[in-house]
Amino acid sequence: MDLPAPLAWLVDEAGASPGPDRFLAELGGRLLADGLPLAAGALTLAVPHPIIARRTWLWRAENGAVIEALGFSDGPSSQAGRDWLAGLGQVQEEIVGPAPNSPMLGWAGAQPFAAAEVRRLRQVARFAAAPLAALAARSELATLLEAYLGRRSAARVQAGALGRGTGETIHAVLLCADLRDFTALSEATEPAAMIAALDAWFERVTGAVHAFGGEVLKFIGDGVLAIFPVTGVPGDACEAALRAVAAARAGMAHLDATRQAQGLPPLPFGAALHFGEMLWGNIGAADRLDFTAIGPAVNLVSRLEGLCRPLGRSVLISGAVAAETTTALIPLGEHLLRGIAEPCAVFTLPED
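What counts, and where the lines are drawn
Residues numbered from 1 in each chain as written. Predicted model: local features only at pLDDT ≥ 70, side-chain atom pairs only at ≥ 80, totals over all residues. Heavy atoms only, no water. Helix = DSSP H or I, 4+ residues; strand = E, 2+ residues; numbered from the N terminus. Buried < 20%, exposed > 50% of the residue type's maximum accessible area, 1.4 Å probe, protein only. Contact = heavy atoms within 4.5 Å. Areas by Shrake-Rupley, 256 points an atom, 1.4 Å probe, with all protein chains shown as cover. Lys, Arg positive; Asp, Glu negative; His and termini not counted. Charge placed at Lys NZ, Arg CZ, Asp CG, Glu CD. Arc of directions from axis to C-beta. Phe/Tyr/Trp six-rings, centres within 6.5 Å; stacked < 30°, edge-to-face > 60°.

Looking at the overall build of the protein chain
Within the protein chain one finds 11 helices and 13 strands. With respect to the principal axes defined by its C-alpha atoms, the protein chain has extents near 80 × 45 × 40 Å. Across the 352 residues that make up the protein chain, the buried fraction comes to 43%. Long-range pairs, those at least 24 residues apart, make up 60% of the contacts in the protein chain with a sequence separation of at least 6. Summed over all atoms, the accessible surface of the protein chain reaches about 17400 Å², with 55% contributed by carbon and sulfur. Across the protein chain, the centroid of the 26 positively charged side chains sits 3 Å from that of the 36 negatively charged ones.

See below:
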């Protein structure tokens, strides 16, 4: 079959596009080269995510740039693609596929589309159904993995790092944090209210971690384990982790004030930071794996967090972190940690 170049690309190559953004840019460029008077294009995919409902990619013909817009699950139904295209020209939009959440592919014309051009764009939408279904499936998988594993770990798993015992040695700052008196609080609190309290706690910590470039590895009961991998000089990761834990502390102070105004008890917590080397990868049984970090640094940060209550502090920082940062810290002396042979120099943040 002798197909026009854009349709041949959709049949033979488009399914291997590295992502929806590149698919849209490549398709738009090929349609331009084939004579269609396009000013812009938009591609919207539904995604299975606890917060984000839709992702829309917007392409400009004049420079080939692609930007992304997000539609949130608790907001109004997003028409970001249509609204953006309407400001640039006549809109031709098609649902690509039979499912209710099928992709939406739209174009804005640099001039009004002729009837023959509308037919060509509709034909493009039909030929785009198969490659977009493959791209949407990959996007859904990536979104689900990121929601449960975090972006860095999800990328490794999706790339095929599935062998048990496989991993890599990385240097990172570890954050270990958990709530105080959680057992007593859970026994005296209705389950729905307890879940709401846990969600509020996790949102403060996770939001702070993500805001400063870290990644949450796992939630353990009421606890959190996160890492700030070293990508340049160690001091940058240490500074980012310190800012994150300070932001989490400020967020929890605001949450406690809100809870107390509602007649609810505060949520005291402890958090610790340590910098070191760890093995980051797969452990577990043959058919049930966990992508996590293990090693002496992980053990130390957990033991250091356990020292928060005896020292009456909400944040403790190891000497390894203190040695890599210029942030002013308060020394608390050296302390023996359970199961750790050498004493650990311990610091805290001002006003803690």
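Some remarks on helix α5 (residues 151–158)
Side chains of residues three or four places apart in an α-helix project in the same direction, reflecting 3.6 residues per turn. Along α5, the positions that sit buried rather than exposed are Ser-153, Ala-154 and Val-157. All buried residues of α5 project into a common sector of 100 degrees when viewed along the axis, lining one side. At its buried positions, α5 is contacted by α4 (115–149), β7 (215–220), β9 (269–285) and β10 (288–294).

Topic: the environment of Leu-70
Tracing the chain through its elements places Leu-70 in strand β3 (residues 66–72). Using a relative accessible area of 38% as the deciding quantity, one classes Leu-70 as partly exposed. In sequence terms Leu-70 and Thr-56 are 14 residues apart; their C-alpha atoms lie 6.2 Å from each other. Excluding its chain neighbours within four sequence positions, the residues that come into contact with Leu-70 are Ile-52, Arg-54 and Arg-55.

Overview of the packing of aromatic side chains
Tallying each qualifying case throughout the model produces four aromatic pairs. An angle of 85 degrees between the planes, with centres 6.1 Å apart, marks the rings of Trp-59 and Trp-107 as edge-to-face. In this pair, Trp-59 sits in strand β2 (residues 52–60) while Trp-107 sits in strand β5 (residues 104–109), placing the two residues 48 residues apart along the sequence. Overall, Trp-59 belongs to the buried group, its relative accessible area being 2%.

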